[in-house]
Amino acid sequence: MNKMLVGERLIALSFFQVILLILGFFFLLTFVAHRFHQQDPQNSSNLCTYWSCTKSVVLKNGKWPNPRPELSESNHAEWLAIHRQQVSSTRNIITEAIVFAGDDSIEMFLRHPFGSEKSGVLIPENDKIWKSTFYSNTISLNFGIGGDRVQDLAWRLENGILSIDDFDPVVICILIGVNDLKAGESSEVVVEEILHLLDLITQKKPETAILFIGILPCGERISFPRGATGSETGKVLFNWDANQNTMYNRINTVNERLLEAVNRQGELVSFVDCSSFFLEKTINGEKMISETLMSNQFDLTPAGYGRLSSCIRYPLQMAYYSAMSTRFI
């Protein structure tokens, strides 16, 4: 009897331990998944479950939908805090201001983007380019947030600077759309939503000039072996052609249709395509993006931001003068 009782207890104990192990493993998986989501708020997997990637945004009562639905509660609070801080930076500005609004590419002109390990930390090399290019006679404000799509930027503008009556920027310079494409949205949806964004700005700030920067070349990465024909020794390049880069046709479609739409607008709306500033040809005549300009498939290096500033400097000046001339008529 004693041996049977001991055996039953051992079986019960083993069963109890197995249950504890299963529960412990389940909670561990939940914790890891939660931590992964916390550390990667820009994870683009299955984002089309949060919004439609085939239909343009539907405004409800003229309002843009709530932004960044893919973020965890804590990350959304951090995102919202950045938005509020950016809006508060417009207080007491009495001189002419230029606003740069957009996603990672705009935010990284000054600082590490939202969602990265160094989120919000200044990038000294980029800061020098920013100040030397855009911060001479005007106040230049950086309203970029990493991971934002067109809808997210529109919400920020609608619930930010466009709602401030006594803040009237001379130019709003916009670079947005690549995160939409990365999330799986069609080019047509991206263009439609950018045009909705254009309507929003022109209605709220009719005397403000708008400069759209075309989506920059980016996408699949290849590494040439040392001494490979058509490349420098060991250089990492990014293909930029329809056959080898799935982003090629989609980005070109957005830029071409946006240019067509902008050309139908008045003199206060303009567009600049900076693609040529980032492309170089190999010996074989293939168009490539050098790693010296783009550190991964999407993020610009300081040298890349030097190219970008060179591209937009003149169009920005023209947009600025156009807006100022209409204000003094």
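Before reading on, note that the structure itself is shown above.
Fair warning: this is a prediction, and the values are worked out from it, not measured in the lab. (Residues numbered from 1 in each chain as written. Predicted model: local features only at pLDDT ≥ 70, side-chain atom pairs only at ≥ 80, totals over all residues. Heavy atoms only, no water.)

## Here we look at the overall build of the protein
Definition in use: The numbering of helices and of strands both runs from the N terminus, where a helix is a DSSP run of H or I of at least 4 residues and a strand a run of E of at least 2. Contacts are assigned to residue pairs with any non-hydrogen atoms lying within 4.5 Å of each other. Throughout, the Shrake-Rupley method with a 1.4 Å probe supplies accessible areas, and for residues the shown protein chains are the sole cover considered.
Helices and strands together make up the secondary structure of the protein, namely 9 helices and 9 strands. Within the protein, contacts between residues separated by at least 24 positions form 75% of all contacts whose residues are at least 6 apart in sequence. Looking at the protein as shown, the accessible area adds up to about 17,200 Å², and 55% of this sits on carbon and sulfur atoms.

## What to know about the pattern of salt bridges
Filter applied, for reference: Salt bridge, as used here, is a side-chain nitrogen of Lys or Arg placed within 4 Å of a carboxyl oxygen of Asp or Glu. Residue exposure (1.4 Å probe, protein chains only): buried if accessible area is under 20% of the type maximum, exposed if over 50%, otherwise partly exposed.
Overall, the coordinates contain 9 salt bridges when judged by the stated rule. Residue Glu107 pairs with Arg111 through a salt bridge whose shortest N-O separation is 3.4 Å. Arg111 carries the same exposure label as Glu107, and that label is buried. For Asp148, the salt bridge goes to Arg156, with nearest N and O atoms at 2.7 Å. Across the pair, exposure class does not vary: Asp148 and Arg156 are buried alike. One salt-bridge network, held together by shared partners, links Arg68, Glu70, Asp148 and Arg156.

## Let's talk about the nonpolar core
The cut-off we apply is this: The definition of a nonpolar core used throughout is a set of buried Ala, Val, Leu, Ile, Met, Phe, Trp, Tyr and Cys residues joined through side-chain atoms within 4.5 Å.
Within the largest apolar cluster, 83 residues are counted, with the highest numbers of intra-cluster contacts made by Phe212 and Leu308. Of the residues forming this core, the biggest block, 9 residues, is contributed by helix α9 (residues 302-327). Excluding anything up to four places from it in sequence, Leu308 contacts Phe109, Ile213, Leu216, Cys274, Phe278 and Leu300.

## Structural notes on the state of the cysteines
For the record, the criterion: Only a pair of cysteine sulfur atoms within 2.5 Å qualifies as a disulfide here.
With the rule as written, the count across this model stands at 2 disulfides. Note on cysteine connectivity: Cys48 is disulfide-linked to Cys53, with sulfurs 1.9 Å apart. Every disulfide takes its handedness from the sign of the S-S torsion; for Cys48 and Cys53 that torsion is -95 degrees, giving left-handed. Since its relative accessible area comes to 37%, Cys48 is described here as partly exposed.

## Let's talk about the packing of aromatic side chains
What counts here: Working definition: a ring pair exists when centres of Phe, Tyr or Trp rings (six-membered ring for Trp) sit within 6.5 Å. Plane angles under 30 degrees give stacked, over 60 give edge-to-face, the rest tilted. A ring has a charge above it when a Lys NZ or an Arg CZ is no more than 6 Å from the ring centre and no more than 35 degrees off the ring normal.
Inspection of every chain in the model, using the stated rule, returns 10 aromatic pairs. With a centroid separation of 5.4 Å and 85 degrees between ring planes, the pair formed by Phe109 and Phe134 is classed as edge-to-face. Separated by 25 residues along the polypeptide, Phe109 in the loop between α3 (104-107) and α4 (124-134) and Phe134 in helix α4 bring together distant segments of the chain. Stacked on the ring of Trp51, the Lys or Arg Arg149 has its end atom at 3.3 Å from the ring centre. The ring of Phe298 has Lys182 lying over it, and the distance from NZ or CZ to the ring centre is 4.2 Å.

## Focus: the pairing of strand β1 (residues 97-102)
We count it as follows: Strands are treated as partners if at least two bridges between them are detected by DSSP.
Counting buried positions over the 6 residues of β1 gives 6, a clear majority of the element. Here β1 shows two buried faces, one formed by Ala97, Val99 and Ala101 and the other by Ile98, Phe100 and Gly102. Summarising the sheet, β1 and strand β2 (residues 139-144) pair through 6 bridges and their orientation is parallel. In the strand pairing of β2, Phe100 is matched with Asn142. Looking at chain direction, β1 and strand β3 (residues 171-175) are connected through 5 bridges and run parallel. Bridged to Ile98 within β3 is Val171.

## Concerning the sheet that holds strand β4 (residues 209-213)
What counts, and what does not: Note on geometry: axes are lines fitted to C-alpha atoms, helical ones only across the stretch in contact, with angles between N-to-C directions running from 0 to 180 degrees.
With respect to topology, 5 strands assemble into an open sheet ordered β2-β1-β3-β4-β7, the strand pairing being parallel. Looking at strand neighbours, the two that pair on one side only are β2 and β7 (269-272), the edges of this open sheet. Adjacent strand axes in the sheet meet at a mean angle of 20 degrees, parallel and antiparallel pairs treated alike. Bridge count for β3 against β4 is 4 bridges, and the pairing is parallel. Pairing of Ile174 across the sheet is with Phe212, part of β4. Set on the sheet, helix α8 (residues 247-263) makes contact with β4 and β7; between it and β7 the angle comes to about 155 degrees. Contacts from α9 reach β1, β3, β4 and β7 within the one sheet, and its direction differs from that of β4 by about 160 degrees.

## Side note on the pairing of β4
Burial within β4 is extensive, with 5 of its 5 residues counted as buried. The alternating pattern of β4 places Ala209, Leu211 and Ile213 and Ile210 and Phe212 on opposite faces, both of which are buried. Pairing geometry for β4 and β7, over 4 bridges, is parallel. Looking at β7, one finds that Ile210 is bridged to Val269.

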